[in-house]
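# Survey of secondary and tertiary structure
This is what each chain is made of:
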Amino acid sequence: MAGPFIPGGGFERGPAMSTTQKGNAFRDAVAQLLRAAGFAHAETEVQLGYKNADVAAVWLRDEVAGEQRYAFETKAYSASLKLGEGSQFAYDYGPLIANGTIDQAWLISQGPITPEGRKAAQSQRGLQAMTFAELQRRLMRLDPYLKALVEAHHRSRLAEYYVPPETAAGDDLAAYVDAWQAEQDAPPLFVLGPYGKGKSTFANQLAATMAARALEDPTLRVPILVRLGEIADEQSLEGLLGKVFASQHRVPGYHFDTFAALNRNGRFLVIYDGFDEMKHGLTPSKFQTVLGELMKLDDGNARILVLGRDTAFHDDVEFKAVIDGVQTTPAGRPVPTPGRRAYRHVEIRGFTPDEARSYVERYFPIRAAEEQDGPATDKKWVEQRVAELVSGRFDPLLERPVHAQMLCEIAAHPDQLRTDMSVYELFDSFVHYLLLRELEKRGRDKDFPIKVRRRFNASLAWWLWERGGASTTTLNDIPQSLCDEAARDISHSLQKEEMRRELIQGCLIEKGAQTIYFHRSIQEFLAAEHLIETDLLQRGAHAGNWLQTLTSALTPEVIEFVVAGANVNLDRRKRALKWFDALSDARAYRVPLAGFDLFVQLAKSLDGTLPPVPDSPWLVWLAFFLRTGAKDFAHRGRNTFPVLADMLIAARNTDRGGQAAILYALSRTLFHARRGQDGNLALAVSAHLPVQQLKALVADAAAKKSERQIVRYNEDFLLWSLLRSWRVERNDADVLMLTIDLARMHDDAMGVMPDGFEPDLDNPQPTVSLPVQSLYVALGNRKPPISERDIDAIRPFFNDAKLRGALSPVEIVHRQTAPVLETAQPARAAKPKLGIRGPARE
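Everything numeric in this text was worked out from a predicted model, so none of it was measured. (Residues numbered from 1 in each chain as written. Predicted model: local features only at pLDDT ≥ 70, side-chain atom pairs only at ≥ 80, totals over all residues. Heavy atoms only, no water.)

### Details of the pattern of salt bridges
- Using the criterion set out here, one finds 47 salt bridges in the structure.
- E524 is paired through a salt bridge with R309; the nearest N and O atoms lie 2.4 Å apart. Separated by 215 residues along the polypeptide, E524 in helix α21 (residues 520-533) and R309 in strand β11 (residues 303-309) bring together distant segments of the chain.
- A relative accessible area of 1% means that E524 is categorised as buried.
- Overall, the relative accessible area of 6% leaves R309 in the buried class.
- In this structure, R393 and E388 form a salt bridge, with 3.7 Å as the shortest nitrogen-oxygen distance.
- We classify E388 as partly exposed; its relative accessible area is 24%.
- By sharing partners, the salt bridges in this structure join D276, R309, R520, E524 and E557 into a single network. (Salt bridge = Lys/Arg side-chain N within 4 Å of Asp/Glu carboxyl O. Helix = DSSP H or I, 4+ residues; strand = E, 2+ residues; numbered from the N terminus. Buried < 20%, exposed > 50% of the residue type's maximum accessible area, 1.4 Å probe, protein only.)

Structure (C-alpha cells):
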C-alpha cells in the first residue's frame, strides 16, 4: 500500500499506487522543491520541441549568466538507475541544449545512480545526473558550513577528551538520538538537565560528527546547530535562521523558503542548543509563544533536537504545557493544546566517578601543555597532579563536566587547589584565575588590579543579563558608566576611552560574529556577585525600583549563587540580614514568585526567624512560604491551610496591612482550584471568622431589627472583608453552603497595600464553596476550641438571610482636596529583623 510521496522518505502508506502515479508524485515533489528554491515558472509536463519534459523551470538569480532555462527528467526508481536510462536521457536532451531550446538538463533519480549511468547521462555539456538527495544539497550549498563545524571541532581538541554522555536511564545519549532520528514521524526531542551536565558539549560533538559524515555522503541529514544563547533576542524563525546562515555563516543560496522545503523533506537535523537562555526575561506564555515559533520547523520529515536546562520550567504545569502539549484548566483538568503534538524528552546524566576521572586524565595534560612556564611544564608534575585530582578527594566537584573543566583549569597552578572547595568557591577561584591570567598578559595596565577588573566583569555580566543576552549587543554598546563605576576608587592616568579599552580588552566575555556574551554559568556567577556587591541593587541606578528589577531577572542558578555568596563569612551574613529590613519597606506591584524565592532561600540559609505575623506584606508572604515550604501559591501541602489559619488568627492583633497580606495569600492560594477541596480548607476559612465580633454583631442585629449594623473598613478590616466576600445559600440538595468571592477578597486586600506578585494563572478560580457545617466543625476543632455556646450564637448569621442583610460593610470617605480614607493607616511598629540563631559561623 502506498500513498503520496514524502520527499526524503519515500511514499506514505495508503492505497496502492500504480507506477505512473508514483512517478507523477515524485515529479510534483521535485517541482515543489524547485519553486521553494527560487526557480521561476516551474511547471510540469512541458513540451520542449519534440520532448515532453517532466519539469521545466527558469533560474533568474545568476547575475553573470543571466536567465537560465532548465529541464528536469524525474525517475521514481527504487532500484539503481543504470546505463540505459542515462544514455536515453542524453539522447533526449542533448539536442535541445545544442539548438538553444534549453540551457541545462538535469536527470533526478529517487534512488541511487550507477557510475555507468551517471557517466552516460553527463556525456554532453549542460547535462547533469544526480539523486534527489544530491539535488537538495545542491540547492542550498552547505558544504562550507559543514566544513566550518568540523574545523572548529578539530581546533577545540574536544575529541581527545570527550566523554560520551548517557541518559538518566543509563543509555548512550548519542545512540538514543540516532535511534530517534531513524523513527518514522519522530516528534521533537528535548534533552534536559541542570547546568554544566554537558548538553552544549554533546550538541557540538553531535553536530561535528554528523557534519563530517554528511561531507562524505550527501544523502545523510545535515546538522544545523543553532546556539540560542548567542541570538536570544531574535524571536522570529526567519530572523533566527537568517542570523545563522547569513551573518554567522555565509551560506551561498540561503533562502528561508528553500530551507523550509529541504527541512520538510528530511534533509536536516535542527539542533536548538540553550533553549532556556531564550526564556530569560520572558513570561511563561511568551516563552511558549517563542518556542512555538521555533517549532514551526516540525513539519513533514523534519527532525528537531532541543537542549536546555530543566529549570526553564517553573513547575509541572508549565512542563506539561511545553513538552506534552497539555494545558491545565482552572479546575485542574488536563486539556490537549489544539494543533500540536506531544514532544519527547530525555534527561542527561552527569559524570559517574569513573567518567569524571577519565575526563581529568585526558583533559588535564592538554590544559597543562598550554602553560609556558611553571611546574605544569614538567611531565612528572602533571602526572602527580592528575593522580591527586582523581584520588577521590575532589569527586564532589567532578560530577558536572563544567566543574571538572574548571577544576582542571585551576589545578594547572600549584597554589590554587583546595580539597574542601565548595561549588561557589570553585567559581570564585576560577574567575580569579582567569582575571589573573589576563592581568599577566603583555600590555595590561597594572594600575587596574584584579579587584577593579572583577567589578567591571560583574557589572557587565549583570548589564547583559538584564538585556537577556541580546544578540545586537556589541562592544560599542557597553555603557561608559560601567567602566567609571568599576574604577571609582583607583588612580590612573588613562583618558576615558583608554580606560574603557583597557577594561574591555581584559574582560572575560566571548566575542561572536555580531555579539558579545559570557559563558552562561560564568555570567550567572558574576551576575550574583554584582547583586551582592550592590546589596541586591539597592545601590545604583535601580535603587528606586530595586525589588522589581531584581526579582524579574533572577533564575534558580543565580539565586543559588547569591545564597552561597551571602554565607561565605560572618560579615557577608550580617550584610545579607540587612536586605530583609530593606525588603520590608520595598514597593513593587508585580513581583515574580520565582524571583522572590531568593528571599525564601536566604532566610533558610541564614537561620532567620520571623514573628507569627510580621508588619510588612513582603515579610508576611515570606513567613508564609517559609512555614509551608512552598515557592508559590499553587503549592498545596499538608500544612498550607493550617499555616494560613494560624496566621489569620494571629493577624487580629496586627495592622490592616498585615491582615490584608494574609487575605491576599489565602485568595491567591484558593485561585488554584483543586478537585474535592482539601479538608483543611474549612480550617483556614473559619480562621477568617471573628467569632466574638460576629457574635456581638448578631446579638445587636437581633435586638435592633430595624437598624443596620455598620462594620467600618478602618475599624475591623477582616470582618469588613468577610461580609463583602461571603455569600450563604442552599444548594439543590438543600445543604447550606458558603461561597467565597475570591476575586472580591483579593481586590479588597490589594486596596490596602500597593504590593503584590505577578499573576500565575490566566483564568483563576473566581469562587470557592464549602458546607457551612464544615465551618462549625472546624471552629470546634480549633486550638483552643470555640465553645458550642459561641458557635450557636453565630448560627443566625448563616441561617437568617434577613439578619445577614442588616450587616453592612462600609468604607467612609471624607471629601477633601483629594479622597482619603476615614482614618490613616496605623503607623508601623519597629520592623522585625531576621536573626542568626546559635554561635556565629566563620
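### Side note on the sheet that holds strand β4 (residues 51-59)
- Strands sit in the order β3-β4-β5-β6-β7 across an open sheet of five strands; the sheet is mixed. Edge strands, defined here as strands with exactly one partner in the open sheet, are β3 (40-48) and β7 (127-131). Along the sheet, successive strands turn relative to each other by an average axial angle of 30 degrees, direction set aside.
- Pairing analysis gives five bridges linking strand β6 (residues 104-109) to β7, with the strands arranged parallel. For L107, the partnering residue across the bridge sits in β7 and is A129. (Pairing = 2+ DSSP bridges. Axes fitted to C-alpha atoms, helices over the stretch in contact; angles between N-to-C directions.)

### With respect to the environment of A623
- Structurally, the position occupied by A623 is in helix α26 (residues 617-628).
- Each C-alpha atom of the pair A623 and V643 lies 9.6 Å from the other, and the pair is 20 residues apart in sequence.
- For A623, the contacting residues outside a window of four places in its chain are L610, P614 and M647. (Contact = heavy atoms within 4.5 Å.)

### A word on the sheet that holds strand β10 (residues 268-273)
- In spatial order, the strands read β9-β10-β11-β8-β14; together these five strands make up an open sheet with parallel pairing. Looking along the sheet, the strands with just one partner apiece sit at the ends: β9 (222-227) and β14 (344-347). Each strand of the sheet is rotated relative to its neighbour by a mean of 20 degrees, with strand direction disregarded.
- Relative to β10, β9 is paired through six bridges, and the arrangement is parallel. If you follow V226 over to β10, its bridge partner there is Y272.

### Looking at the packing of aromatic side chains
- Under the criterion given, the structure shown has 47 aromatic pairs.
- Considering the side-chain rings of F72 and W106, the 5.7 Å spacing of their centres and the 85 degrees angle between planes classify their relative orientation as edge-to-face. In this pair, F72 is assigned in strand β5 (residues 68-75) and W106 in strand β6, connecting sequence segments 34 residues apart. Comparing F72 with W106, the two get one shared label, buried.
- Ring geometry for F797 versus F798: centroids 5.0 Å apart, planes at 85 degrees, classification edge-to-face. Exposure class is identical for F797 and F798. Each is buried.
- Members of the aromatic cluster, connected to one another through ring pairs, are W546, F580, F596, F599, W618, W621, F624, F625, F633, Y664 and F757.
- Over the aromatic face of Y343 sits the side chain of R340, whose NZ or CZ is 3.9 Å from the ring centroid. (Phe/Tyr/Trp six-rings, centres within 6.5 Å; stacked < 30°, edge-to-face > 60°. Lys NZ or Arg CZ within 6 Å of the ring centre and 35° of its normal.)

What is shown is where atoms sit, not what they do.
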